[in-house]
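Residues per chain, in single letters:
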2 protein chains.
Amino acid sequence: MKVICSKDNLTEGINIVQKAVPTKTSLPVLEGILLECGDNFKLTGNDLEIGIECLVEADIKEAGSVVINSRVFGDIVRKLPDSEVLIEVKENNLVTIECENSYFEIKGLSPQGFPALPAIKKDNAFKISQKIVRDMIKQTIFAVSTDENRPILTGSLVECKDGEITFVAIDGYRLALRKNRIDNNSSELRVVVPGKTLNEISKILQPEDDEITIYSTSNQIMFDIGNCKVVSRLIEGEYLNYRSSITEDYETKIRVNKNDLLASIERASLIITSDERRFPVVFYIEEDKMVVTSSTNVGTVKEEINVETDGNRIDIGFNPRYFIDTLRAIDEDVIDVYFATSLGPCIIRPVESDNFIYLIAAVRR
Amino acid sequence: MKVICSKDNLTEGINIVQKAVPTKTSLPVLEGILLECGDNFKLTGNDLEIGIECLVEADIKEAGSVVINSRVFGDIVRKLPDSEVLIEVKENNLVTIECENSYFEIKGLSPQGFPALPAIKKDNAFKISQKIVRDMIKQTIFAVSTDENRPILTGSLVECKDGEITFVAIDGYRLALRKNRIDNNSSELRVVVPGKTLNEISKILQPEDDEITIYSTSNQIMFDIGNCKVVSRLIEGEYLNYRSSITEDYETKIRVNKNDLLASIERASLIITSDERRFPVVFYIEEDKMVVTSSTNVGTVKEEINVETDGNRIDIGFNPRYFIDTLRAIDEDVIDVYFATSLGPCIIRPVESDNFIYLIAAVRR
């Protein structure tokens, strides 16, 4: 194998495929990046859950392949001068890297042991802008569970039906739902994608309107992003039936500036130290006024906010972390919050958009 | 106590005095900031090694004092709206903080238990620009030892004599010396200041020409920086006699671009992983050419650099970390490196300045 490419293109490719390279594993070959030269120059990382491959623009002098330790390769390439890089594989998988006056010889591994990415049939496909997928992930992923005891909740439900795509995440205490129209699409999809996969993909996607294609089988999903393909296993099992918990009924509704509410809850949570996770912030909602309070061994906080109230007075407590995560994910300035009872969950919707629904369980006091 | 001040001024004061507040201590009062209102509004932090006091511009309504937990107070004030803050002490040291629609009640502590800063006699004083002190600290502190077995080396020698101020740090493997002229000064000084103190002071000092005043006694030093005073204990004992190790003799001298040398050593050290700390980088110096190499289980690196050589060929090995720290501390572009033998230390001096001397011990190979 012998190939010449620019340091910048190579660095970009490494940064992407490294997201699928585990830092610690019992199988050394998985800590490597597979370099392949054939019709094009391809990098692959694969931790057996997520696999990412990326094409790098290059001048291929000789076909071949090798596996090289990801950390070492990445560190070296990032520190090279901004210039052309020549990579060559010699006998016994010895990789030489040359750039201006720098010369590296790094012991590589045979590509034989590197696990290939699973092949995905391209029947079930749909196209969507990468900016929308990126936003949908960012606005729901915080509600994905990290509790391995309920594996199905460690992923997001991705549903595509009737020209609409929906992302849903639930961790047992809160729910985040984000939907969007997609045009010209007859494909149906209902899969649960691991939170880790979505997190890595959201870092690769750019806030641009270019379309990506999503393919899926019963147990794999592939995101085809131009020069880069991400393949991930899916989580098996039946997702929660969440629709019944999103009701339209309410006893009290407030319309409030999101940033005012966020700043108040953030301040009220400052006296809730790590030993006091069980302490809620309590909302006292009256006519056109809301007081956010907290009280711990450290002291007490009282925050007043102007709101538009529709319905009855209500007092209700929440885990401030859940409210903070949710409000930070919302781009819109004004939100409606719906309360049914002082023990039940509240529902949050931006006023200007039908595309979001958040639900947060109340805390018993 | 009752006082009104701006959120910004208060935040600035807290940020400074917090550098002297320990995060974990057995004496809760030390985890607090002392707030005092008399002729002015003063904040104090004191971990018994370093004490910092800072005046905050304020409208004092009522004299008094209280101690409030530093982390809680800092977190609250930073999150307040950009507005006026009213702080008041009620019965039982209860502190109330009001700002726009936010109202906090925080349990404070009696100021009685808070240790006063040691009084420093103002006899032995000299003035110097804060930018110079800041630079002198930054350019030597990396060579201060962290080994508590030789306490004297965990500080920097600060010497003031014959119109010249000198900072010296030595950790047994390297030495950093930075000196500067000071005008109109007859005071003499020879003290060892703890590295931790210098590190905190370098963060408080601004890169500006305003003068600060340094006072010292036999066991304390005070840096008077306008509205802010830092008092620190000194390290007792006799500092190393380092002068004999800085010789003018050499067998080989190179003149080299600092950034070229730094980039090459950084790259050569990339294959030296944490398990391989004992591996040096080796310099092969010939006529007008230098090769920097390293070789470990990961592979080998060879870097060629153009240099001006004066003297004999030499091969010599160094701990790359020590060279990297030193070269990063030097602002000048071109340096001279002097080698006496292939086992002895080298001496580094910027070509454009007499104010710096660095010495790095060679590694036996």
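Look above for the structure.
Residues numbered from 1 in each chain as written. Chains lettered and ligands numbered in written order. Predicted model: local features only at pLDDT ≥ 70, side-chain atom pairs only at ≥ 80, totals over all residues. Heavy atoms only, no water.

## Details of the relation of the copies chain B and chain A
No. 1: The two copies are related by a screw motion: chain B maps onto chain A through a turn of 180 degrees and a shift of 0.0 Å along the axis, at an RMSD of 0.0 Å. Seen this way, the second copy is the image of the first under a two-fold rotation axis. Scanning chain B for the C-alpha nearest the rotation axis identifies B:Thr23, at a separation of 16 Å.
No. 2: A share of 100% of interface residues in chain B that are also interface residues in chain A marks the association as one of identical surfaces. (Least-squares fit on C-alpha atoms with pLDDT ≥ 70 in both. Contact = heavy atoms within 4.5 Å.)

## Considerations on the packing of aromatic side chains
No. 1: Tallying each qualifying case throughout the model produces 16 aromatic pairs over all chains.
No. 2: Between B:Phe283 and B:Phe323 the ring centres are 5.1 Å apart and the planes differ by 75 degrees, which places this aromatic pair in the edge-to-face class. A residue pair is termed long-range when its members are at least 10 positions apart, and B:Phe283 in strand S19 (residues 281–286) and B:Phe323 in helix H6 (residues 320–329) qualify at 40 residues. Of the two residues, B:Phe283 and B:Phe323, neither departs from the other in class, the shared state being buried.
No. 3: Taken together through their ring pairs, the aromatic side chains of A:Phe283, A:Phe318, A:Phe323 and A:Phe339 make up a single cluster. (Phe/Tyr/Trp six-rings, centres within 6.5 Å; stacked < 30°, edge-to-face > 60°. Helix = DSSP H or I, 4+ residues; strand = E, 2+ residues; numbered from the N terminus. Buried < 20%, exposed > 50% of the residue type's maximum accessible area, 1.4 Å probe, protein only.)

## Focus: the side chain of A:Asp171
No. 1: Relative to the helices and strands, A:Asp171 is located in the loop between strand S12 (164–170) and strand S13 (174–181).
No. 2: When sequence neighbours within four positions are dropped, the list of residues in contact with A:Asp171 reads A:Ala143, A:Val144, A:Ser145 and A:Leu153.

## Side note on the sheet that holds strand S18 (residues 252–257) of chain A
Residue and element names in this part refer to chain A.
No. 1: Read across the open sheet, the nine strands follow the order S14-S11-S12-S13-S26-S25-S24-S18-S22; overall the sheet is antiparallel. Strands with a single pairing partner mark the edges of an open sheet, and in this sheet they are strand S14 (189–194) and strand S22 (308–311). Neighbour-to-neighbour, the strand axes of this sheet turn through a mean angle of 15 degrees, independent of strand direction.
No. 2: The sheet contact formed by S13 and strand S26 (residues 356–360) spans five bridges and is antiparallel. Bridging from a neighbouring strand, Ala-176 pairs with Tyr-358 of S26.
No. 3: Against the sheet, helix H3 (residues 130–138) engages S12 and S13, with an angle of about 165 degrees to S13.
No. 4: Contacts from helix H6 (residues 320–329) reach S13, strand S24 (334–339), strand S25 (346–350) and S26, with the element oriented near 170 degrees to S26. (Pairing = 2+ DSSP bridges. Axes fitted to C-alpha atoms, helices over the stretch in contact; angles between N-to-C directions.)

## Describing the packing of helix H5 (residues 258–268) of chain B against H6(B)
Residues and elements named next belong to chain B.
No. 1: Contact geometry for H5 and H6: axes closest at 10 Å, N-to-C directions at 150 degrees. Comparing their axes, H6 and H5 come out roughly antiparallel. Seen from above, H5 lies across H6 with left-handed handedness. Contact residues: H5 offers Lys-258, Leu-261, Leu-262, Ile-265 and Glu-266, while H6 offers Pro-320, Phe-323, Ile-324, Leu-327 and Arg-328.
No. 2: The residue makeup of the contact of H5 with H6, split by class, is seven nonpolar, no polar and three charged. (Parallel < 35°, antiparallel > 145°, perpendicular 65-115°, else oblique. Left-handed = near helix turned anticlockwise from the far one by under 90°. Nonpolar A, V, L, I, M, F, W, Y, C, P; charged D, E, K, R; others polar.)

## Here we look at the pattern of salt bridges
Residue and element names in this part refer to chain A.
No. 1: Counted according to the given criterion, the structure contains 48 salt bridges over all chains.
No. 2: Residues Glu-200 and Lys-203 are paired through a salt bridge, measuring 3.3 Å at the closest nitrogen-oxygen approach. Taken as a pair, Glu-200 and Lys-203 lie in helix H4 (residues 195–204) at a separation of three residues, close to a single helical turn.
No. 3: The exposure class of Lys-203 is partly exposed, given its relative accessible area of 47%. (Salt bridge = Lys/Arg side-chain N within 4 Å of Asp/Glu carboxyl O.)

## Details of the interface of chain B and chain A
No. 1: In this complex, chain B contributes 29 residues to the contact, which on the side of chain A involves 29 residues.
No. 2: Interface area lost by chain B to chain A is led by B:Lys79, B:Arg267 and B:Leu270, which between them contribute 24%.
No. 3: Along the contact surface separating chain B from chain A lie two salt bridges.
No. 4: Here A:Lys79 ties to B:Glu266 by a salt bridge, and the two come within 3.2 Å at their closest N and O atoms.
No. 5: Pairing geometry for strand S9 (residues 102–107) of chain A and strand S21 (residues 299–306) of chain B, over five bridges, is antiparallel. Residue pairing across strands places A:Tyr103 opposite B:Lys302, the latter belonging to S21(B). (Buried area = accessible area lost by both parts, 1.4 Å probe.)

## Quick look at the packing of helix H1 (residues 7–17) of chain A against helix H2 (residues 70–79) of chain A
All names here are of chain A.
No. 1: Here H1 crosses H2 at 150 degrees, and the two axes come no closer than 9 Å. It follows that H1 is roughly antiparallel to H2 by the angle criterion. The way H1 lies across H2 gives a crossing that is left-handed. Here Lys-7, Leu-10, Thr-11, Ile-14 and Asn-15 of H1 come into contact with H2, specifically with Phe-73, Gly-74, Val-77 and Arg-78.
No. 2: Its residues assigned to classes, the contact of H1 with H2 comprises four nonpolar, three polar and two charged.

## Focus on unusual backbone geometry
Residue and element names in this part refer to chain B.
No. 1: At Leu-48, a position not held by glycine, the phi torsion is positive, near 80 degrees.
No. 2: Mapped onto the elements, Leu-48 comes out in the loop between strand S3 (41–46) and strand S4 (50–56).
No. 3: Leu-48 sits in the exposed class, given a relative accessible area of 56%.
No. 4: For Asp-288, which is not glycine, the phi dihedral falls at a positive 55 degrees.
No. 5: Within the fold, Asp-288 resides in the loop between S19 and strand S20 (289–295).
No. 6: Residue class for Asp-288 comes out partly exposed when judged on its relative accessible area of 39%.

Bear in mind that shape data such as this cannot, by itself, settle questions of function.
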